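Breakdown of the fold
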Amino acid sequence: MNGSLNRNLHFALTSSSLSRRQIRLSHLHARAHIVRQLQNSRDPVSVASVHTNVLRLGFSNDTVTTNHLINGYVRLGRVEAAHLLFDEMPEPNVISWTSLISGYAKTDNPRKALWLFGNMVWGTVVPNSFTFATVVNACSVLAYLETGKQVQAQIEIFGFQSNLVVCSSLIDMYGKSNEVDEARRVFDLMNCKSIVSWTCMINSYAQNAQGHHALELFREFNKFTMNRPNNFMLATVINACASLGRLVTGKVAHGAAIRGGHDLYEVVATSLVDMYGKCGCIEYSVKVFKKIQNPSVIPYTSMIVGAAKFGAGELSLRLFHEMTKKRGVSPNDVTFIGVLHACSHSGLVDEGLKHLNSMESQYGVVPNTKHYTCVVDMLGRIGRLDEAYRIAKSMRVKPEEGALLWGTILSASRVHGRLDIAVEASKWLIESNQQVAATYVTMSNTFASVGIWENFESIRFEMKRNRISKEPGCSWIEIKDYTYVFYAGNKVSCPRGEEVVSLLEELERRMKERGYVGGSKGLAFVDVEEETKEEIVGLHSERWALGFGLIIVPKGVTIRVMKNLRICRDCHEAFKLISEIMERDFVVRDLNRFHHFKDGSCTCRDFW
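Residues numbered from 1 in each chain as written. Predicted model: local features only at pLDDT ≥ 70, side-chain atom pairs only at ≥ 80, totals over all residues. Heavy atoms only, no water.

Looking only at helices and strands, the chain has 29 helices and 6 strands in total. Relative to its 608 residues, the chain shows a buried fraction of 50%. Summarising the internal contacts of the chain: among those between residues at least 6 apart in sequence, 63% fall at separations of at least 24. By element, 53% of the accessible surface of the chain is carried by carbon and sulfur atoms, the whole surface being about 29,700 Å². (Helix = DSSP H or I, 4+ residues; strand = E, 2+ residues; numbered from the N terminus. Buried < 20%, exposed > 50% of the residue type's maximum accessible area, 1.4 Å probe, protein only. Contact = heavy atoms within 4.5 Å. Areas by Shrake-Rupley, 256 points an atom, 1.4 Å probe, with all protein chains shown as cover.)

This is the structure:
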C-alpha cells in the first residue's frame, strides 16, 4: 500500500511539474506572438489592438513585452502613448529609457530627449552605447555643443570612448558644430573604424568647406581599408568635388559609383547632377538626371539650379513645367530660387514675376528674402532700378539676410549709373556691417565711373586708414587631378610664368587688331565682386589661369577655369575674342554663374 501511495505521489508531483512547465512555455509562446505582432504592426490601430491583448493576458508588468510595445508606438510616432506606458513600468531598464529617448529625438523634440537622459543618469540605470549615440545626435540637432561635450565626458566615464556607434555620433556632432579638429581627434583615437565613421569624418570636412581634406581622407580610406565606399560616402565625396570644382576627381568618384552599383541611388545621382553642373558640364548633368527613375523634388531642383547657373534658362523652365505639370512633383523653396535665378539670367522678367506670384497661391511656398533678392536682381539687370529699390526698402530683414539683397541693389545701381541708389545701398551695408570691403570698393568705382574723383580718393583713403582690404582675386584650373591656383597680379603664383606672359601679350596684340580696347572699363571700374582698380586687368587671376590652360591643355579639350569673384567685363570681352582667335572653347565659373566661351561668344549673351 505504501508503494502504491508513493507511485501516486510521484505521479502527482510529476504532473504538477509538467503543468508548470507547460504554463511557462505557454507564457513564452504568447509573449513571442505578441512581439511578432508588434514588429509587423504598420499603423496605430494594430499597435493599440496588441496593447489590449497585453493587458488581457497579464503582460503589463513584463518589462520585455512593454519595451516592444514602447518601440511599436515610437516607430509610428506616437511618443506620448509610449511615454504613458513608460511611466507605468515598475522598473524600466536601459532599453526602456533608450527607446523613449530615441522617440523624442526622432520626432522633433530633442530637448525632451535630453531631459529624459538627465533623469536617467541620476537614477540607477546605466546608459548603453545606443543611449549615448542617441543623446549625442540630439545635441547635434539642437547645436548644443557644450552639452555635447558634457555627454562626451560621461561617455569616457562609462568606458564607451572607443565604441563605433558612439564615436561616429560624436564625429557627426562636432562636424555639424564647425568643430572639425575635435571631430578629427575623436576619429584618430578610434581603435577600429567602420565605414560609417569614415563617412562621418569625410562629411565633416565637406560640410565645413574643407573639401580638399575630405578628398584626401577618401584616398586614405581606399588605400588603408578593404571596405568599399557606400552610397552615402560617395555622395559626400562627390559633393566635395562639386564645391571645389574638381571635375577629374568627380569623374573618378562617378566611376567608383558605377562599379559599386551605387550610381542609380537617388542620393548619389543627385550629387552627380549637382557636381557636373557646378563643374560646367551641364550635358553630363542632363545624362545623369535622365537615368533617375521617378525623380523627386531634390534631383529636379539640382537640375533646375544647375541649368540656371549655366545660363540655360529655358531648360530650367522646361524642367519645372515637367516636374509640376506632368509628374505632379511639388516644388520647394529652393526649386523656386532656381527658377527665379534662371529668369534673372535669361532676361525673362515677366516670366519670373509670374512664378513669384504663383508660389504661395498654387504651391503653398511662402516667398522669403532669397526669392525677393532674385527678383531684385532680375529687375536690376534690365535697369528697372526704381522697382528693385522699392522692393528692397519694403522688406524688414536681418543684417545677414539683407547683405545679398542690398549687395545686389548696389551692384545693379553701379552698372546702370544710379549713384543715388548706390549711396543708399552702401549706407545700409556699412551700417549693418555687411560686405564692408566689397561695398567700399564698389562705391569708389561708382564715383569714378561718374567722374567724382574726390569721393573716389576719399573712400580709398578710408579703406587704407581702417585697414579694410578686399578679398584677392583667385582662380584655379584642374589638370590631371592636380589643381593649379593663380592670384591676381602675382606672376610668382603662375607656373611657366614667362611663357604665359608672352602668350597673353601676343593675344593682347591680336585682340587689338580686332578692335579690342583693353582696360577701358576693367582697368578702372569693377563690379562688386571683382578685383580692385590697382590690379591691372591683364593680370587678373582668370587670365593667368586661361593663359596657362592654353599652353598645357591639348587642343580639342575644354579648358575649365574656376574663380572666387565675379569676372569683370573687360576680361569677359577678352575671353570671347580669345576663344575665336585660338579656336578653343573654355568654361569659366565665377561667383555668380557659368560662362561658356566659344567662337567669339558666351552662353550668358553678355547678360550676367
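Having put the structure on the table, let's press on.
There is a patch of nonpolar side chains on the surface, built from Val126, Ile157 and Phe158 and spanning about 310 Å² of accessible area. Here Phe158 lies in the loop between helix H8 (145-157) and helix H9 (164-176). Taking relative accessible area as the criterion, Phe158 reaches 37% and is therefore assigned partly exposed. (Patch = residues over 30% accessible without salt bridge, like charges linked within 9 Å, V, L, I, M, F, W, Y side chains within 5 Å. Salt bridge = Lys/Arg side-chain N within 4 Å of Asp/Glu carboxyl O.)

Another point: the environment of Ala113. For Ala113, the location among the structural elements is in helix H6 (residues 110-121). Setting aside residues no more than four positions away along its own chain, Ala113 makes contact with Ile101, Tyr104, Ala105 and Ala138.

Across the sheet, which stays open at both edges, the 6 strands sit in the order E2-E1-E3-E4-E5-E6 with mixed pairing between neighbours. Strands with a single pairing partner mark the edges of an open sheet, and in this sheet they are strand E2 (482-487) and strand E6 (601-602). In this structure, strand E3 (residues 559-563) lies alongside strand E4 (residues 586-589), joined through 4 bridges in parallel fashion. Among the inter-strand pairings, Ile559 is bridged to a residue of E4, identified as Phe586. (Pairing = 2+ DSSP bridges.)

The next thing to look at is the confidence of the model for the chain. Looking at the chain, pLDDT values average 84 and 86% of them are 70 or higher. Segment residues 1-26: pLDDT under 50, and 0 contacts once partners within four positions in sequence are set aside and those in other chains are kept. pLDDT under 50 marks residues 520-538. Its contacts with residues more than four places away, or in other chains, come to 62 contacts. (pLDDT = per-residue confidence, 0-100.)

Take the packing of helix H25 (residues 436-449) against helix H26 (residues 453-465) next. When two helices pack together, their arrangement is given by the angle between the helix axes and the distance between those axes. Between H25 and H26, whose axes approach to 7 Å, the crossing angle comes to 160°. The orientation of H25 with respect to H26, classified from their angle, is roughly antiparallel. Considering the relative orientation of H25 and H26, their crossing is left-handed. Counting all contacts with H25, which are made through Ala437, Tyr440, Val441, Met443, Ser444, Asn445, Phe447 and Ala448, the residues of H26 involved are Trp453, Asn455, Phe456, Ile459, Arg460 and Met463. A class-by-class count of the residues in the contact of H25 with H26 yields 10 nonpolar, 3 polar and 1 charged. (Axes fitted to C-alpha atoms, helices over the stretch in contact; angles between N-to-C directions. Parallel < 35°, antiparallel > 145°, perpendicular 65-115°, else oblique. Left-handed = near helix turned anticlockwise from the far one by under 90°. Nonpolar A, V, L, I, M, F, W, Y, C, P; charged D, E, K, R; others polar.)

On inspection of all chains with the given rule, the structure shows 20 aromatic pairs. Consider the rings of Phe586 and Phe597, whose centres lie 5.9 Å apart with planes at 40°: the pair is tilted. Taken together, the residues span a long stretch of sequence, with Phe586 in strand E4 and Phe597 in strand E5 (residues 594-598) at a distance of 11 residues. In terms of burial, Phe586 and Phe597 fall into one category: buried. These aromatic residues form a ring-pair network of at least three members: Phe117, Phe132, Phe158 and Phe160. Against the face of Phe187 rests Lys193, its NZ or CZ located 4.9 Å from the ring centre. The ring of Tyr284 carries Lys287 above its face, with NZ or CZ at 5.5 Å from the centroid. (Phe/Tyr/Trp six-rings, centres within 6.5 Å; stacked < 30°, edge-to-face > 60°. Lys NZ or Arg CZ within 6 Å of the ring centre and 35° of its normal.)

Per the stated rule, a full pass over the model turns up 20 salt bridges. With a shortest N-O distance of 3.1 Å, Arg418 and Asp420 are connected by a salt bridge. Under the relative-accessibility criterion, Asp420 is labelled partly exposed at 45%. Through salt bridges with shared partners, a single network forms among Asp386, Arg418 and Asp420.

Between H6 and helix H7 (residues 129-142), the shortest axis-to-axis distance is 9 Å and the interhelical angle comes to 140°. The orientation of H6 relative to H7 falls into the category oblique. Along this stretch, H6 crosses H7, giving a crossing that reads as left-handed. Contact residues: Pro110, Arg111, Ala113, Leu114, Phe117 and Met120 in H6; Thr131, Phe132, Val135, Ala138, Cys139, Val141 and Leu142 in H7.

Mapped onto the secondary structure, Val196 falls in helix H11 (residues 195-206). Of the residues examined, Val196 reaches a relative accessible area of 45% and is grouped as partly exposed. Linking Val196 and Pro229, residues 33 residues apart in sequence, is a C-alpha distance of 9.8 Å.

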